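# Per-entry structural report
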Amino acid sequence: MNILVTGGAGFIGSNFVRHFLEKHPSDSIVNLDKLTYAGNLDNLTDLEGNSRHRFVPGDITDPVLLDQLAAETDAIIHFAAETHVDRSIVAPEAFIKTNIQGTFVLLEASRKHKHKRFLHISTDEVYGSRLEGDFTEKDVLTPSSPYSASKASSDLLVSSYHKTYGLPAMITRCSNNYGPYQFPEKLIPLMISNALEDKSLPVYGDGLYIRDWLYVLDHCEAIDQVFHRGEIGEIYNIGSESGKTNLEIVQFILNTLGKPMSLIEHVKDRPAHDRRYAVSPQKIQSVLGWQPTYSIESALEKTIRWYCDHLDWWGRIKSGEYRDMYEKIYGVSL
Ligand code: NAD
Ligand code: DAU
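Remember, it's a predicted structure, so these values are computed and weren't measured experimentally. (Residues numbered from 1 in each chain as written. Chains lettered and ligands numbered in written order. Predicted model: local features only at pLDDT ≥ 70, side-chain atom pairs only at ≥ 80, totals over all residues. Heavy atoms only, no water.)

### Some thoughts on the site of ligand 2
Neighbouring residues of ligand 2: 24 residues in total, closest Asp 124, Glu 125, Tyr 147, Arg 270 and His 273. A distance of 2.8 Å separates an oxygen atom of ligand 2 from a polar backbone atom of Thr 83. Here Pro 202 contributes a backbone N or O atom positioned 2.7 Å from a nitrogen atom of ligand 2. Within the complex, 95% of the 690 Å² of free accessible area of ligand 2 lies under protein. Looking at the shell around ligand 2, the elements with two or more residues in it are helix 6 (187-196) and strand 8 (201-204). Partitioning the shell around ligand 2 into residue classes produces 11 nonpolar, seven polar and six charged. Two domains share the shell around ligand 2, each providing at least three of its residues, namely domain 1 (2-177 + 214-238) and domain 2 (178-211 + 242-277 + 294-324). (Near = heavy atom within 4 Å. Polar contact = N/O pair within 3.5 Å; in protein donor to acceptor, adjacent residues only side chain to side chain. Areas by Shrake-Rupley, 256 points an atom, 1.4 Å probe, with all protein chains shown as cover. Helix = DSSP H or I, 4+ residues; strand = E, 2+ residues; numbered from the N terminus. Nonpolar A, V, L, I, M, F, W, Y, C, P; charged D, E, K, R; others polar. Domains from an automatic or database assignment.)

This is how it looks when you write it as structure tokens:
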């Protein structure tokens, strides 16, 4: 199969492209990415010269380009999105354009060219927050931020294309990922890189917000299994059922790096900050037999080591405009 992957120069997309090409030697990928601030060709250098990987710079909201790429491919796995909650609070427009309009353009192209599969990569954030218990795929969506609302909107569009036009679509909703190539605006890479630079670690509010962390390669394998064996029209939650508070994560990072806890700085809270995310992965486990294979302790250590070994990769990124945005919103230097 020749698969159109969107957003394959970002964090999860680049890990997925590599994972997929290694696992399926007779398949190929057309990788479409706009290379926004979050997209980075450095994430794909080891794929240079691989005849089964073709990178195409471009925007998923461009219907002419999508018509052309959908004609050449058999299926779409859709990662491309604006993904950072804080950015969606400061500047929501790009989230509406890419996450909603862009998904619409892809759905139209996939429908026209009668693709065999359309896999939409969504997030546990669409369910919103709950203090106890886990969300199942049947729960209603109560997103809190412009980011999660735009993802929920795109999920509903995807479902509507399956119901209305019979598009062979599926949706995955995964919990928070971590691992190599994650842009250092997200909690884990930001905290690791700040600690390595002996800068303060900005913890929002009381730091007792809970996220269910999943190593990125476990997510990639879950996507691969849903893509090949998932039932058309279905939604699959993906998670590891191992919620941790932000403070627990930050303390683990500082301990691992041998840095003092005094680097932690409690700062102004995120508006509409979701207290706890928790999805039940029971369906993907029982129907497809997927299980996470990495423990948070070993994979977080492995991730910390990766950032220690790739100072150039994140150093180049952190010297740019991202730093200015943070200083403006939170009044904290990075
Ligand atoms: P990321 O921000 O690292 O990467 C997003 C990629 O999309 C970038 O390469 C960017 O250049 C590209 N992109 C953005 N707008 C585009 C456009 N208009 N056209 C083409 N390309 C565009 O994101 P990520 O963390 O890798 O997330 C990938 C997907 O997984 C997203 O859909 C996100 O909602 C979902 N997701 C992320 C997590 C997480 O913890 N990171 C968890 C669950 C689901
Ligand atoms: O749950 C999946 C989602 O996880 C994905 O859909 C999103 O794309 C991804 O960005 C992520 O969203 P979060 O808002 O949970 O991730 P983030 O890394 O931004 O924040 C994790 C937690 O850490 C959250 O409670 C906010 C807090 N935080 C974050 C940053 C960047 C801090 O306390 N300080 C920080 O500097």
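### Here's the deal with the domain arrangement of the protein chain
Domain annotation for the protein chain reports domain 1 (2-177 + 214-238) and domain 2 (178-211 + 242-277 + 294-324). With both sides pooled, the region where domain 1 packs onto domain 2 buries about 2600 Å², and carbon together with sulfur makes up 48% of that total. Three residues, Phe 11, His 84 and Tyr 215, lead the burial of domain 1 against domain 2; their summed loss comes to 23% of the area buried on that side. Our enumeration of links across domain 1 and domain 2 arrives at four salt bridges. (Buried area = accessible area lost by both parts, 1.4 Å probe. Salt bridge = Lys/Arg side-chain N within 4 Å of Asp/Glu carboxyl O.)

### A look at the packing of helix 10 (residues 296-309) against helix 11 (residues 311-318)
Helix-helix packing is described using two parameters, namely the angle between the two axes and the distance between the axes. Look at helix 10 against helix 11: their axes get within 5 Å of each other, and the N-to-C directions meet at 75°. On the basis of their axis angle, the class for helix 10 and helix 11 is roughly perpendicular. Across the interface between the two elements, Trp 306, Tyr 307, Cys 308 and Asp 309 of helix 10 pack against Leu 311, Trp 313 and Trp 314 of helix 11. Across the contact of helix 10 with helix 11, the residue classes break down as six nonpolar, no polar and one charged. (Axes fitted to C-alpha atoms, helices over the stretch in contact; angles between N-to-C directions. Parallel < 35°, antiparallel > 145°, perpendicular 65-115°, else oblique. Contact = heavy atoms within 4.5 Å.)

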